[in-house]
Amino acid sequence: MVERNLTISPTGGGVGAFVEGIDIAAGLDAPSVAALRSGLGEYGVLFFRGQHLRPEQHIRFAEQFADINVNRFFKAVDGYARVAEVRKEPDQSRNIGGAWHTDHTYDVKPAMGSILLAKEVPESGGDTLFANMYSAYESLSDGLQQTLAGLKAVHTSRHAFGAQARYHRDMNGRLGNPQAATQDAVHPVVITHPISGRKALYVNQAFTVRFDGWTQEESKPLLEMLYAHGARPEHTYRFSWKPGSIAFWDNRASWHYALNDYHGQRRLMHRITLEGEALEGCCA
Ligand SMILES: O=C(O)CCC(=O)C(=O)O
Ligand SMILES: [Fe+2]
């Protein structure tokens, strides 16, 4: 089906764009897929409304962009190993992704992004914040940009998903497989984005532990400065979900933060994660 009405319009906030004139369940033609891919690279996250996809439709949409990554840590939707549940029940206090991060940076080939579909949302609350890692980089001084261009950083999942991680305690078995949390990866601190070719800041508070060749203590002040800088309101946009809303984010161009402000209510999302590639530095 030809999507002649497809439009991609910037949110007006610091990151992301709204996609309209599209019915994902009906299937997309190649030009529409190409437009969405380049929009993703340009805006970092694409938002859609009213897309009440069944798991097969969600999978078919995802497969047009990349291979699906089967998440090692999240429980899957019954009968669909490739669709993960991002669920918080009324009796749970912690949520998934409730701090600034970008997914899978502890992998040598980090996931390119995720397609998160809202199934059940709280009456109010449960928004997700996104931040723009192009503008985060571009708004640093020339001097700091040059310093960062020469650096790599170490990313790990051990503290977040490993057997000792606090994260597991309140998740009632919805996260599993702590023995799989053994990855470490080294990535450039400033990457060349694989789709847009633009430079993006590529460290995040959840998984980056130090600069390569530096101690944790030496790294901490500069990393914390970068985390605070990336989260400045001018780089961000806050998305409010309704059932059928989708956020399709690019992990290399954005961070995200799932707000945990809806205690006593259920929130259920279906998530498909897409495989990515090894990341190139900006300025070799
Ligand atoms: O639930 C959300 O809004 C996002 C959760 C998250 O961080 C993720 O699915 O990667
Ligand atoms: Fe996440």
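The model shown is predicted, which means the values in this text are computed figures rather than measured ones.

1. Quick word on unusual backbone geometry
Stage number 1. Even without a glycine there, the phi angle at His104 is positive, about 65°.
Stage number 2. Along the chain, His104 turns up in the loop between β6 (80–88) and β7 (113–120).

2. What about the sheet that holds strand β8 (residues 128–132)?
Stage number 1. Taking strand neighbours across the sheet as the criterion, the three strands line up as β14-β8-β16 in an open arrangement whose pairing is antiparallel. Looking at strand neighbours, the two that pair on one side only are β14 (236–239) and β16 (254–258), the edges of this open sheet. Between one strand and the next, the sheet's axes are offset by a mean angle of 20°, whatever the strand orientation.
Stage number 2. Where β8 meets β14, four bridges bridge the pair, whose relative direction is antiparallel. Bridged to Ala131 within β14 is Thr236.

3. Side note on the coordination of the iron ion (ligand 2)
Stage number 1. The protein atoms that coordinate the iron ion (ligand 2) are His101 (NE2), Asp103 (OD) and His256 (NE2), at distances spanning 2.1 Å.
Stage number 2. The sequence motif formed by the donor residues of the iron ion (ligand 2) is H-x1-D-x152-H.

4. Some points on the packing of aromatic side chains
Stage number 1. A complete count under the given rule lists 15 aromatic pairs for this structure.
Stage number 2. On the basis of an interplanar angle of 75° and a centroid distance of 6.1 Å, the ring pair of Phe61 and Phe248 is categorised as edge-to-face. One end of the pair, Phe61, is in helix α2 (residues 55–63); the other, Phe248, is in strand β15 (residues 246–250), and 187 residues separate them in sequence. The same class applies to Phe61 and to Phe248, which are both buried.
Stage number 3. Ring geometry for Phe130 and Trp249: centres 5.9 Å apart, planes at 50°, overall tilted. Separated by 119 residues along the polypeptide, Phe130 in strand β8 and Trp249 in strand β15 bring together distant segments of the chain.
Stage number 4. In this structure an aromatic cluster arises from ring pairing among Phe18, Phe47, Phe130, Tyr237, Phe239, Trp241 and Trp249.
Stage number 5. Above the plane of the ring of Tyr262 lies Lys88, whose end atom (NZ or CZ) is 4.4 Å from the centre.
Stage number 6. Lying over the aromatic face of Tyr134, Arg198 brings its terminal NZ or CZ to 4.1 Å of the ring centre.

5. Some thoughts on the site of ligand 1
Stage number 1. Ligand 1 sits among Val86, Ile96, Gly97, His101, Asp103, Leu116, Thr128, Trp249, His256, Ala258, Arg267 and Arg271.
Stage number 2. Side-chain polar atom of Thr128 to an oxygen atom of ligand 1: 2.6 Å apart, as the coordinates give it.
Stage number 3. A distance of 2.7 Å is found between an oxygen atom of ligand 1 and a side-chain nitrogen or oxygen belonging to Arg267.
Stage number 4. Listed by contribution, the elements that provide at least two residues to the shell around ligand 1 are β16 and β17 (267–274).

Conventions adopted
Residues numbered from 1 in each chain as written. Chains lettered and ligands numbered in written order. Predicted model: local features only at pLDDT ≥ 70, side-chain atom pairs only at ≥ 80, totals over all residues. Heavy atoms only, no water. Helix = DSSP H or I, 4+ residues; strand = E, 2+ residues; numbered from the N terminus. Pairing = 2+ DSSP bridges. Axes fitted to C-alpha atoms, helices over the stretch in contact; angles between N-to-C directions. Donors = N, O, S within 2.8 Å, 3.2 Å for Na, K, Ca; no water. Phe/Tyr/Trp six-rings, centres within 6.5 Å; stacked < 30°, edge-to-face > 60°. Buried < 20%, exposed > 50% of the residue type's maximum accessible area, 1.4 Å probe, protein only. Lys NZ or Arg CZ within 6 Å of the ring centre and 35° of its normal. Near = heavy atom within 4 Å. Polar contact = N/O pair within 3.5 Å; in protein donor to acceptor, adjacent residues only side chain to side chain.

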